[in-house]
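# Structure assessment
Here is what each chain is made of, one letter per residue.
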Amino acid sequence: MPIVIQPYEARHEPAVADFNQRLQAGGADSDLVFFRYAQPKFLAPTAGSDLYNEYFVALDGDLVRGGYAIKHQRFLLPDGAVESIGYYHHPLSEGIVNRSWAVVGSLLLRDAMQRSPFLYCLGMGGYDRPLPKMLIGLGWNHCQVPFYFQVLRPARFLREMQALRTSPVRRFLMNLAAFSGAGALANLLYRAYSRFRAHTAAFSVTPVDSFDARADSIWEETKTSASLVALRDSRTLRRLYPPEDQHFTRLLVSRDGSDIGWAVVGRRRKDAKYGEMQVGSIVDCLASPENALPVVLAASRELERQGMDLVVSNQSHSAWSRAFQQAGFFEGPSNFIFAASKKLSARLHPFEDTKKTMHFTRADGDGLPRNF
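Residues numbered from 1 in each chain as written. Predicted model: local features only at pLDDT ≥ 70, side-chain atom pairs only at ≥ 80, totals over all residues. Heavy atoms only, no water.

## Let's talk about the overall build of the protein chain
- Within the protein chain one finds 12 helices and 16 strands.
- A compact globule built from 372 residues would reach a C-alpha radius of gyration of about 21 Å, and the protein chain, at 22 Å, matches this within 12%.
- The principal-axis extents of the C-alpha atoms in the protein chain amount to approximately 65 × 55 × 40 Å.
- Within the protein chain, the proportion of its 372 residues that are buried is 52%.
- Taking as baseline every contact in the protein chain between residues at least 6 positions apart, the subset at least 24 positions apart corresponds to 71%.
- Of the accessible surface of the protein chain, which amounts to about 17000 Å², a share of 54% is contributed by carbon and sulfur atoms.
- In the protein chain, 44 positive and 37 negative side-chain charges are present, and the distance between their average locations comes to 5 Å. (Helix = DSSP H or I, 4+ residues; strand = E, 2+ residues; numbered from the N terminus. Rg over C-alpha atoms; globule rule 2.2 N^0.38 Å. Buried < 20%, exposed > 50% of the residue type's maximum accessible area, 1.4 Å probe, protein only. Contact = heavy atoms within 4.5 Å. Areas by Shrake-Rupley, 256 points an atom, 1.4 Å probe, with all protein chains shown as cover. Lys, Arg positive; Asp, Glu negative; His and termini not counted. Charge placed at Lys NZ, Arg CZ, Asp CG, Glu CD.)

Right, dumping it as structure tokens:
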């Protein structure tokens, strides 16, 4: 029986549960499961909304063999047009545990491109994964989105950063640096040097419960500084970061009585590679290039105030990359990849130039509402 891809409905939920069970029984990672419920809990479709998620399932008769999601959101393109672009995420195929269904992955992507020709992927876990390999084979334009981190508590970082403690020698040296204080001293000197180098005029920071017209002003003043950027007006921001979601801290940054930017920060979910550290994330941000540095400083100081051991962020825009480096962040290996479908790539030509000023953060990928 041929595979048929349809919108995910409540009647499919028992078959999705069986699909997830087969994946786990076949040895898939514990987080590789499709959405339990047909109605999205985050960005559910609502009347009049142009920012929403929708889910699809690949059916083999009454059995589910795969599924994917698309987040629809409006973007400002390099030519000044505003278009709805689809973000392709959470594609899952039974082919990851049973090669008999290996074709499902390509069927899911083809279906998504037919439904949303302007399509992008973000994240994906690195170039060694099957999805980016497939996209590159199809001729999609792609690039890495840089990853930045700032160590706030060096001793804890050295003891807990499991991704670096990969050999007995490394563990010994990291423990020695932690207990001797050498790591803390080196980090203190580096941060002091960074603060000296990152001199910026005084600014003020105001936590807010919700974004309002002040965010609209920032959007209008800064939107043309990016070659490609998702709309970040107050209406969009309230949908992404609703007032009732207290997991986020929303910051407005001002100078001389004028708003110059904003940031959204939050605590990352637990991840084995970070051990028992408290890891904060600069989830999202917006400002003109000349005001990126005070926004980064405001966000990192807030996370330090909240007791984080480590701060992380992904930023694609070259001006934000410079601001993070000036603020004392290190650049680390990135597995966060952006890829654009051929039809979207045609609107981003020449891509080698456009990619330098695209504005993508964790918020533009699968980083919301908790995985950032």
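Now that the structure has been shown, the text picks up again.
## Observations regarding the pattern of salt bridges
- Taken as a whole and judged by the stated rule, the model has 20 salt bridges.
- Ionic pairing is found between Glu83 and Arg347, a salt bridge with its closest N-O pair at 3.5 Å. Of this pair, Glu83 sits in strand S4 (residues 82-93) while Arg347 sits in helix H11 (residues 342-347); the two residues are 264 residues apart in sequence, bridging distant segments of the chain.
- Taken together, the salt bridges that share partners define one network made up of Arg22, Asp60, Arg65 and Glu94. (Salt bridge = Lys/Arg side-chain N within 4 Å of Asp/Glu carboxyl O.)

## Topic: the sheet that holds strand S14 (residues 330-332)
- A sheet is described by the order of its strands in space; here 7 strands give the open sequence S8-S10-S11-S12-S13-S7-S14, paired in mixed fashion. Every other strand in the sheet has two partners, leaving strand S8 (204-208) and S14 as the edge strands with one partner each. Sheet twist, expressed as the mean angle between neighbouring strand axes with direction ignored, is 30°.
- Judged from the 8 bridges that link them, strand S10 (residues 248-255) and strand S11 (residues 258-267) form a sheet pairing that is antiparallel. When the bridges of S11 are listed, Phe248 appears paired with Gly266.
- Lying on the sheet, helix H9 (residues 292-305) is in contact with strand S7 (147-151), S8, S10, S11, strand S12 (279-287) and strand S13 (310-314); it crosses S12 at an angle near 155°.
- Along the sheet face, helix H10 (residues 318-326) touches S7, S12, S13 and S14 and points at about 135° away from the line of S12. (Pairing = 2+ DSSP bridges. Axes fitted to C-alpha atoms, helices over the stretch in contact; angles between N-to-C directions.)

## A closer look at the packing of aromatic side chains
- On inspection of all chains with the given rule, the structure shows 20 aromatic pairs.
- Consider the rings of Phe338 and Phe360, whose centres lie 4.8 Å apart with planes at 40°: the pair is tilted. Placement of Phe338 in strand S15 (residues 336-340) and of Phe360 in the segment after strand S16 (358-359) is noted, with a sequence separation of 22 residues between them. Each member of the pair, Phe338 together with Phe360, is buried.
- An aromatic cluster of three or more residues is present, and its members are Phe75, Tyr87, Tyr120, Phe338, Phe351 and Phe360. (Phe/Tyr/Trp six-rings, centres within 6.5 Å; stacked < 30°, edge-to-face > 60°.)

## Concerning unusual backbone geometry
- With omega at -5°, the peptide bond leading from His349 into Pro350 counts as cis.
- In this model, Met124 sits at a positive phi of 75°, which is unusual for a non-glycine residue.
- The topology assignment puts Met124 in strand S5 (residues 119-124).
- Note on Met124: relative accessible area 17%, which makes it buried.
- Backbone geometry places Asp256, a non-glycine residue, at a positive phi of 55°.
- For Asp256, the position within the fold is in the loop between S10 and S11.

## Observations concerning the nonpolar core
- Counting residues in each nonpolar core, the largest one holds 24 residues, and the members touching the most others are Ile282, Val295, Val296, Trp320, Phe324 and Phe329.
- Among the elements of the structure, S11, S12, H9 and H10 are those that each provide at least two residues to this core.
- Sort the elements by how many residues they give to this core and H9 lands first, with 8 residues.
- Among the nonpolar cores identified, the runner-up in size contains 22 residues, and Leu43, Val208, Phe211 and Val264 belong to it. (Core = buried A, V, L, I, M, F, W, Y, C linked by side-chain atoms within 4.5 Å.)

## Considering the pairing of S13
- Most of S13 sits out of view: 5 of its 5 residues are buried.
- Alternating residues of S13 divide into Leu310, Val312 and Asn314 and Val311 and Ser313, and every residue in both groups is buried.
- Two strands pair when backbone bridges link them, and S7 and S13 are joined in this way by 5 bridges, in the antiparallel orientation. The residue of S13 that forms the bridge with Tyr148 is Ser313.
- In the sheet, S12 pairs with S13 via 3 bridges, with the strands oriented parallel. When the bridges of S13 are listed, Val279 appears paired with Leu310.

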